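Per-entry structural report
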Amino acid sequence: MELDSLYQEVILDHYRTPLNKGLSSEKDIQVHHNNPSCGDEVTLNLTMKDGFVKQITWDGVGCSISMASTSVMSDLLSGKEYQQAMKVLEAFVELMQSKGQSKGDEELLEDGVAFAGVSKFPARIKCALLGWMAFKDASTQVMA
Ligand code: ZN
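The structure contained in this document is the topic of the report that follows. (Residues numbered from 1 in each chain as written. Predicted model: local features only at pLDDT ≥ 70, side-chain atom pairs only at ≥ 80, totals over all residues. Heavy atoms only, no water.)

Here the focus is the nonpolar core. Of all hydrophobic cores here, the largest spans 44 residues; its most connected members are Leu44, Leu46, Leu77, Met96, Phe115 and Phe135. The greatest single-element share of this core, amounting to 10 residues, is contributed by helix α3 (residues 82-96). Excluding anything up to four places from it in sequence, Phe135 contacts Leu44, Leu46, Val53, Ile56, Met73, Leu77, Ala85, Met86 and Leu89. (Core = buried A, V, L, I, M, F, W, Y, C linked by side-chain atoms within 4.5 Å. Buried < 20%, exposed > 50% of the residue type's maximum accessible area, 1.4 Å probe, protein only. Helix = DSSP H or I, 4+ residues; strand = E, 2+ residues; numbered from the N terminus. Contact = heavy atoms within 4.5 Å.)

This part takes up the coordination of the zinc ion. For the zinc ion, the full set of protein donor atoms is Cys38 (SG), Asp40 (OD), Asp40 (OD), Cys63 (SG) and Cys127 (SG), and the range of their distances to it is 2.1 to 2.7 Å. One chain supplies every donor to the zinc ion, and in sequence these donors are spaced C-x1-D-x22-C-x63-C. Of this pair, Cys38 sits in the loop between β1 (29-35) and β2 (40-49) while Cys127 is found in helix α5 (residues 122-143), placing the two residues 89 residues apart along the sequence. Looking at Cys38, the relative accessible area reads 34%, which means it is partly exposed. (Donors = N, O, S within 2.8 Å, 3.2 Å for Na, K, Ca; no water.)

The next point concerns α5. Spanning 22 residues, α5 covers 31 Å between terminal C-alpha atoms, matching the ideal 32 Å at 1.5 Å per step. A maximum bend of about 45° is found in α5 at Leu130. Of the positions making up α5, those classed as buried are Ile125, Cys127, Ala128, Leu129, Leu130, Gly131, Trp132, Ala134, Phe135, Ala138 and Ser139. Next to the buried residues of α5 lie β1, β2, β3 (52-61), α2 (64-77) and α3. (Expected span 1.5 Å × (residues − 1). Bend = angle between axes of the 7 residues up to and from the residue.)

When two helices pack together, their arrangement is given by the angle between the helix axes and the distance between those axes. Interhelical geometry of α2 versus α5 gives an angle of 35° and a closest axis separation of 8 Å. Note that α2 runs across α5; the crossing there is right-handed. Across the interface between the two elements, Ile65, Ser66, Ser69, Thr70, Met73, Leu76 and Leu77 from α2 touch Arg124, Cys127, Ala128, Leu130, Gly131, Trp132 and Phe135 from α5. Partitioning the contact of α2 with α5 into residue classes produces 9 nonpolar, 4 polar and 1 charged. (Axes fitted to C-alpha atoms, helices over the stretch in contact; angles between N-to-C directions. Left-handed = near helix turned anticlockwise from the far one by under 90°. Nonpolar A, V, L, I, M, F, W, Y, C, P; charged D, E, K, R; others polar.)

As a further point, take the side chain of Ser66. Its place among the elements puts Ser66 in helix α2. Residue classification places Ser66 among the buried positions, given a relative accessible area of 0%. In terms of polar contacts, Ser66 uses its side chain to reach the backbone carbonyl oxygen of Cys63, at 2.9 Å. Residues within four places of Ser66 in sequence aside, it is in contact with Asp40, Cys127 and Leu130. (Polar contact = N/O pair within 3.5 Å; in protein donor to acceptor, adjacent residues only side chain to side chain.)

Here Ser139 lies in helix α5. By relative accessible area, Ser139 is classed as buried at 0%. The residues touching Ser139, leaving out its near neighbours within four places in the chain, are Leu46, Tyr82 and Met86.

Each α-helix turn comprises 3.6 residues. Residues three or four places apart therefore point the same way. Spanning 15 residues, α3 covers 21 Å between terminal C-alpha atoms, matching the ideal 21 Å at 1.5 Å per step. As for α3, its buried residues are in contact with β2, β3, α2, α4 (106-109) and α5. Measuring from the side-chain oxygen of the N-cap residue of α3 to the backbone nitrogen of Gln83 gives 3.2 Å; that N-cap residue is Glu81.

The next subject is the environment of Arg124. Assignment of secondary structure puts Arg124 in helix α5. On the accessibility criterion, Arg124 (23% relative accessible area) is partly exposed. Counting along the chain gives 87 residues from Arg124 to Ser37, while the straight-line C-alpha distance between them is 9.2 Å.

Following this line, the structure appears as structure tokens:
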């Protein structure tokens, strides 16, 4: 992969030391998502409180991109107001659909911009989106 070396480092850091990994005992909902084309699997526990994302914990197996992206997502969206979390999520999805043309909004996405290069590799986009789609699924169900 032709990812910028700095960005690779961010991805590898999250892969080696994932944040919020290990499922919490308390949760409002648990979802399980997988990406059969790569073999990635993520289980996500979500707790919402007063319209805020109170806690995201997860467990999973898969490639470095899927695991690192789930780690970044869990860190980035925890503590955010629901609508703001969805705004960040939409920005990440847009970045993944940019075919390498976007660098991403660093203010919104923080470490998430490290995945900009992934958008050039259609086969890997689902890896990067796996944890984010799990969050979207879980939060939409809780807020419904
Ligand atoms: Zn993968």
